[in-house]
Amino acid sequence: NTLRPAFSMPTKIGEISPSFLGRLLDVIAQVVKVHITVEQSHADGRRIRVTEALIGDDTGCIMLVARNDEAGLVQPGLTVSLSNARGQMFEGHLRLYPTQWGTV
């Protein structure tokens, strides 16, 4: 687990790099574009909703992958505040994923 101060300053998107992989991040950014929203059904009947969106601040942009209830909060033009998000590489690109302890 990564220890952080209780009130850490949000990380700017332009500062996020592969060296941040595994760290918990707080980010404030605007939703630029929602690329895709997919609903999937599991064999046990659970439904999962996944949204991929491009978010950005004054330093850059990054893809956000939000699931279930958080997916509905991601709309173009809205400002989102991510708490406890984690950066991961996918097909050679960094993406942000809220963790199970995170919020959008």
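Residues numbered from 1 in each chain as written. Predicted model: local features only at pLDDT ≥ 70, side-chain atom pairs only at ≥ 80, totals over all residues. Heavy atoms only, no water.

Brief notes about the pairing of strand β1 (residues 24-41)
- Pairing between β1 and strand β4 (residues 79-90): six bridges, direction antiparallel. Directly across from Gln30, in β4, lies its bridge partner Thr79.
- Relative to strand β2 (residues 47-57), β1 runs antiparallel, the two sharing ten bridges. Residue pairing for β2: Thr37 is matched across the bridge by Thr51.
- The antiparallel pairing of β1 with β2 creates a hairpin that spans five residues between the two strands, and Gly45 there sits at a positive phi of about 95°. (Pairing = 2+ DSSP bridges. Helix = DSSP H or I, 4+ residues; strand = E, 2+ residues; numbered from the N terminus.)

Focus on the pattern of salt bridges
- Scanning the entire structure with this criterion turns up four salt bridges.
- Linking Arg47 and Glu39 is a salt bridge whose minimum nitrogen-to-oxygen distance equals 3.0 Å.
- On the accessibility criterion, Glu39 (49% relative accessible area) is partly exposed.
- With a shortest N-O distance of 2.9 Å, Asp44 and Arg46 are connected by a salt bridge.
- Residue class for Arg46 comes out partly exposed when judged on its relative accessible area of 47%. (Salt bridge = Lys/Arg side-chain N within 4 Å of Asp/Glu carboxyl O. Buried < 20%, exposed > 50% of the residue type's maximum accessible area, 1.4 Å probe, protein only.)

A short note on the nonpolar core
- Counting 18 residues, the largest nonpolar core has Ile16, Val27, Ile55, Ile62, Leu82 and Leu96 as the members making the most contacts within it.
- Among the secondary structure elements, those contributing two or more residues to this core are β1, β2, β3 (60-67), β4 and β5 (93-103).
- Apart from the residues lying within four places of it in its own chain, the contact partners of Val27 are Pro10, Thr11, Ile13, Ile16, Val80, Ser81, Leu82 and Leu96. (Core = buried A, V, L, I, M, F, W, Y, C linked by side-chain atoms within 4.5 Å. Contact = heavy atoms within 4.5 Å.)

Some points on the pairing of β3
- With eight bridges joining them, β2 and β3 adopt antiparallel strand pairing. Bridged to Ile55 within β3 is Ile62.

A short note on the packing of aromatic side chains
- Under the definition given, this model contains zero aromatic pairs.
- A cation sits over an aromatic face here: Arg23 above Phe20, 4.7 Å from the ring centre. (Phe/Tyr/Trp six-rings, centres within 6.5 Å; stacked < 30°, edge-to-face > 60°. Lys NZ or Arg CZ within 6 Å of the ring centre and 35° of its normal.)

A closer look at the side chain of Thr51
- Looking at where Thr51 falls in the secondary structure, it is placed in strand β2.
- For Thr51, the side chain forms a polar contact with the side chain of Thr37, separated by 3.1 Å.
- Excluding anything up to four places from it in sequence, Thr51 contacts Val34, Ile36, Thr37, Leu64, Val65, Ala66, Ala71 and Val74. (Polar contact = N/O pair within 3.5 Å; in protein donor to acceptor, adjacent residues only side chain to side chain.)

Looking at the environment of Met9
- Of note, Met9 is situated in the segment before β1.
- Met9 gets classed as exposed once you look at its relative accessible area, which sits at 71%.
- When the C-alpha positions of Met9 and Val27 are compared, they lie 8.6 Å apart, and in sequence the two are 18 residues distant.

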